[in-house]
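Spelled out from the first residue to the last, the chains are:
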Amino acid sequence: MAILVCGGAGFIGSHFVEFLLEQGEAVVVVDNLATGHRASLPEGPFYQLSLADKASLAEIFREHDIEAVVHFAAFSLVGESMDQPLKYFENNVCATNALLQVMIEAGCDKLIFSSTAAVYGEAGEALIRETDPTRPTNAYGESKLMMEKIIDWAARSSDLRYIALRYFNVAGASAGGRIGEDHRPETHLIPLAIKAALNDQPIKLFGDDYPTPDGTCIRDYIHVQDLVAAHYLALNALRDGAASDTFNLGYGRGYSVRQILEAVEAVAKRPLRIVRAPRRAGDPARLVASADKIKQALGWKPRHDDLNDIILSAYRWFEANPKGYPHD
């Protein structure tokens, strides 16, 4: 039996594929390569297709005896989602609906879903818990919340069991340095700051008038290796008969944009040229997780919960791969 990783050529998906293979798991990857990179994956079963292609997806289930699905496939740019919301609902929501139909028809009853802290919206000062209200402030977060709800309704009416993992800000690179973060265009703060430092380019600071101590947005940053380890715990929990559930993934510590830029300067040993810019639509002021639930329920123990560790691993990857992956 095999694990189907949807969106497995993306930043997080490719790290999870590597992790699964290290555990001796059989892995099949589906990715349309709209944002992922074939070069991030080792040799193995790979299918370039959209999840909306139900006929091709059903054939993959038949051919590979899929035991469980890990679903990373989605558009994820907050700014773009505000400009093109229908693109996000079509790609993220409709494709998930098609995937669920194929899973249920194939008798595949285990799903790990890649969700996001963006489902919470403006969360205030306290650490965010899974029971807090979900009020997205951008279309990306709304699409992910809709995906969560569709999955839950599908589970209520079938044998499907799922675990939804709500990520906070993911960064870093693999320990061996083979894979890292290469989005095109890049919108994530840490890789943007590292690229600016390596290339002596300016970096934009979007908004310095938020209701935070230094006026810039605060986020909880999690190392990608800790994130994928949590996915494997979730997968094994479903294998052991766990009920459907939802968990946050973060470290419970918030860093402002200015603090991240200072941390990148310290790793790069050079100053950044920071350019002030207006706020981006849809950006909440503060998102910081409580991850107590997943620690207690699944025994998750972060091993890389140090900001310098996150930034240094990413910095080394960009130093070694200044142009990212080869163009697919």
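First, a word on scope: everything that follows refers to the structure included in this document. This structure is a prediction, so every number in the text was calculated from the model and none was measured.

Okay, the sheet that holds strand β6 (residues 161–167) next. As summarised here, the arrangement of the seven strands in space is β3-β2-β1-β4-β5-β6-β10, forming an open sheet in which the pairing is parallel. The sheet terminates laterally at β3 (46–47) and β10 (245–249), the two strands that pair on one side only. Pairing geometry for strand β2 (residues 27–30) and β3, over two bridges, is parallel. By the bridge assignment for β3, valine 30 is matched with tyrosine 47. Here helix α1 (residues 11–22) sits on the sheet in contact with β1 (2–6), β2, β4 (66–71) and β6, set at roughly 165° to β1. On top of the sheet, helix α4 (residues 85–106) reaches β1, β4 and β5 (110–116); it is set at about 170° to β4, its chief contact.

For the rest of this paragraph, the subject is the pairing of β1. In summary, the side chains of a regular strand alternate between the two faces of the sheet. Counting buried positions along β1 gives five out of five residues, so the element sits mostly inside the fold. Bridge count between β1 and β4: five bridges; the pairing is parallel. By the bridge assignment for β4, valine 5 is matched with valine 70. Here β1 runs beside β2; their pairing, made up of four bridges, is parallel. Within β2, the position partnered with cysteine 6 by the bridge is valine 30. A crossover links β1 with its parallel partner β2, the connecting element being α1, and its sense is right-handed.

Scanning all chains against the criterion turns up six aromatic pairs. Plain terms: the ring middles of tyrosine 251 and tryptophan 300 are 6.4 Å apart, the flat faces sit at 10° to each other, and that makes the pair stacked. A residue pair is termed long-range when its members are at least 10 positions apart, and tyrosine 251 in the loop between β10 and β11 (254–256) and tryptophan 300 in the loop between α9 (292–298) and α10 (307–320) qualify at 49 residues. A connected cluster of aromatic rings, assembled from ring pairs, spans Trp317, Phe318 and Tyr325. The ring centre of tryptophan 153 lies 4.1 Å from the NZ or CZ of arginine 156, which sits over that ring.

A separate point is the packing of α4 against helix α5 (residues 139–156). Between two packed helices, what matters for the description is the angle formed by their axes and the separation of those axes. Axis separation between α4 and α5 bottoms out at 9 Å; the angle between their running directions is 20°. Classified by the angle their axes make, α4 and α5 are roughly parallel. With respect to the hand of their crossing, α4 and α5 are arranged in right-handed fashion. Contacts from Pro85, Tyr88, Phe89, Asn92, Val93, Thr96, Asn97, Leu100 and Ile104 of α4 reach α5 at Ala139, Tyr140, Glu142, Ser143, Met146, Met147, Ile150, Ile151 and Ala154. For the contact of α4 with α5, the class distribution of residues is 13 nonpolar, four polar and one charged.

Throughout the structure, instances matching the rule amount to 16 salt bridges. With a shortest N-O distance of 2.7 Å, glutamate 148 and arginine 166 are connected by a salt bridge. Taken together, the residues span a long stretch of sequence, with glutamate 148 in helix α5 and arginine 166 in strand β6 at a distance of 18 residues. Arginine 166 carries the same exposure label as glutamate 148, and that label is buried. The partner of aspartate 182 in a salt bridge is arginine 184, and the shortest N-O contact between them spans 2.7 Å. The class for aspartate 182 is buried, based on a relative accessible area of 7%. One network of salt bridges, with partners in common, ties together Glu25, Glu67 and Arg239.

Calculation criteria
Residues numbered from 1 in each chain as written. Predicted model: local features only at pLDDT ≥ 70, side-chain atom pairs only at ≥ 80, totals over all residues. Heavy atoms only, no water. Pairing = 2+ DSSP bridges. Helix = DSSP H or I, 4+ residues; strand = E, 2+ residues; numbered from the N terminus. Contact = heavy atoms within 4.5 Å. Axes fitted to C-alpha atoms, helices over the stretch in contact; angles between N-to-C directions. Buried < 20%, exposed > 50% of the residue type's maximum accessible area, 1.4 Å probe, protein only. Right-handed = clockwise from strand over helix to strand, strands pointing away. Phe/Tyr/Trp six-rings, centres within 6.5 Å; stacked < 30°, edge-to-face > 60°. Lys NZ or Arg CZ within 6 Å of the ring centre and 35° of its normal. Parallel < 35°, antiparallel > 145°, perpendicular 65-115°, else oblique. Left-handed = near helix turned anticlockwise from the far one by under 90°. Nonpolar A, V, L, I, M, F, W, Y, C, P; charged D, E, K, R; others polar. Salt bridge = Lys/Arg side-chain N within 4 Å of Asp/Glu carboxyl O.

In short, the description is geometric, and any link to function would need to be established separately.
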